Amino acid sequence: MSPKVTVLLVIFSLHCHTTLASDPDPVQDFCIPDTRSGTVRTTQFDILPCKNSIKVTPEDFVFSGIKSPGNFSDTGLSAVPVNPTNFPGLNTLGMSLVRADLKVGAINAPHFHPRATEIAYVVQGRVYSGFVDSANRVFAKVIEKGEVMVFPRGLVHFQMNVGKLPATVFGSFNSQNPGNHKIASAIFGSGINDELLEKAFGMNAKQIGMMRRRFIPKSRVRS
């Protein structure tokens, strides 16, 4: 096999892998969901039909919900997601966004996005940012205003405000539904067997209970 053919095959295989790993390509210019028409049931999920393009307006492609921070968590993080749920203009375009604000010393705890790579842009502040690869190597450094860092798809990543002022970060995803798995919540806030967790982490039942009370969803506690 000639070198040129080999290179072409490699490029083709990479292209196929990339295509399969991303959101489906749109088959039209845009698709603003028509919430008045009701959902259409498919074999996997409910979808909304597209609004008639004649009825689409410029307002459908503008979102003003990230002008200011949202509510802050106990860790000092405010995250305002921007996706087709609150910004219908993104529907079928294969991308989404998040505004993250961190108080001084606040963290964005280790988590990962199973369906998207993320590019984080620091609008203001100094943020210790990084990710862990599949060999457990940490790639981390402090990034400042005007700098970006990429978090590869599916890899655990994290952020901490190490500056003396609040920090703001915009994150962009190559999926309209990147998903967000928070490590601690997934482990201690789910229904994984206590004995398994004790053996996995070398913790006793009391310690497991303390972690569960911290990370179990409040809605589940109320129920």
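The structure this text deals with has already been given above.
The present account deals with the structure reproduced in this document. (Residues numbered from 1 in each chain as written. Predicted model: local features only at pLDDT ≥ 70, side-chain atom pairs only at ≥ 80, totals over all residues. Heavy atoms only, no water.)

1. Quick notes on the sheet that holds strand E6 (residues 118–124)
And then number 1: Judged by pairing direction, the sheet is antiparallel, and its five strands sit side by side in the order E3-E4-E11-E6-E9 without closing on themselves. The open sheet has two edge strands, strand E3 (77–82) and strand E9 (148–151), and neither has a second partner. When strand polarity is set aside, the average angle formed by the axes of neighbouring strands in this sheet is 20°.
And then number 2: Sheet topology places E3 next to strand E4 (residues 96–102); six bridges connect them, and they run antiparallel. Counted as the bridge partner of Val80 is Arg99 from E4. (Pairing = 2+ DSSP bridges. Helix = DSSP H or I, 4+ residues; strand = E, 2+ residues; numbered from the N terminus. Axes fitted to C-alpha atoms, helices over the stretch in contact; angles between N-to-C directions.)

2. Describing the nonpolar core
And then number 1: Judged by nonpolar contacts, the single largest core of 14 residues is most densely connected at Leu102, Phe131, Met149, Phe151 and Val169.
And then number 2: Listing elements by their share of this core, those giving two or more residues are E4, E6, strand E7 (126–132), E9 and strand E11 (167–173).
And then number 3: In contact with Met149, not counting residues within four places along its chain, are Glu118, Ile119, Ala120, Ser129, Gly130, Phe131, Phe139, Ala140 and Ile143.
And then number 4: Counting five residues, the second-largest nonpolar core is a separate cluster that includes Val80, Val82, Phe87 and Leu90. (Core = buried A, V, L, I, M, F, W, Y, C linked by side-chain atoms within 4.5 Å. Buried < 20%, exposed > 50% of the residue type's maximum accessible area, 1.4 Å probe, protein only. Contact = heavy atoms within 4.5 Å.)

3. Details of the environment of Lys145
And then number 1: Mapped onto the elements of the fold, Lys145 is located in the loop between strand E8 (138–144) and E9.
And then number 2: Using a relative accessible area of 64% as the deciding quantity, one classes Lys145 as exposed.
And then number 3: In this structure the C-alpha to C-alpha distance between Lys145 and Val123, which are 22 residues apart in sequence, comes to 5.3 Å.
And then number 4: Apart from the residues within four sequence positions on either side, Lys145 is in contact with Val122, Val123, Gln124 and Gly125.

4. Focus on the pattern of salt bridges
And then number 1: Applying the stated rule across the entire model yields six salt bridges.
And then number 2: Notably, a salt bridge pairs Asp133 with Arg137, separated by 2.8 Å at the nearest N-O pair.
And then number 3: A salt bridge links Glu195 to Lys199; the shortest N-O distance between them is 3.1 Å. Of the two residues, Glu195 and Lys199 both sit in helix H3 (residues 194–201), four residues apart, roughly one turn of that helix.
And then number 4: Look at Glu195 and you get partly exposed, because its relative accessible area is 45%. (Salt bridge = Lys/Arg side-chain N within 4 Å of Asp/Glu carboxyl O.)

5. Quick notes on the environment of Gly70
And then number 1: Tracing the backbone through its elements, the reader meets Gly70 in the loop between strand E2 (46–47) and E3.
And then number 2: When the C-alpha positions of Gly70 and Pro81 are compared, they lie 9.7 Å apart, and in sequence the two are 11 residues distant.
And then number 3: Setting aside chain neighbours within four positions, we find Gly70 in contact with Ser78 and Val80.

Any functional reading would require information beyond the geometric quantities listed.
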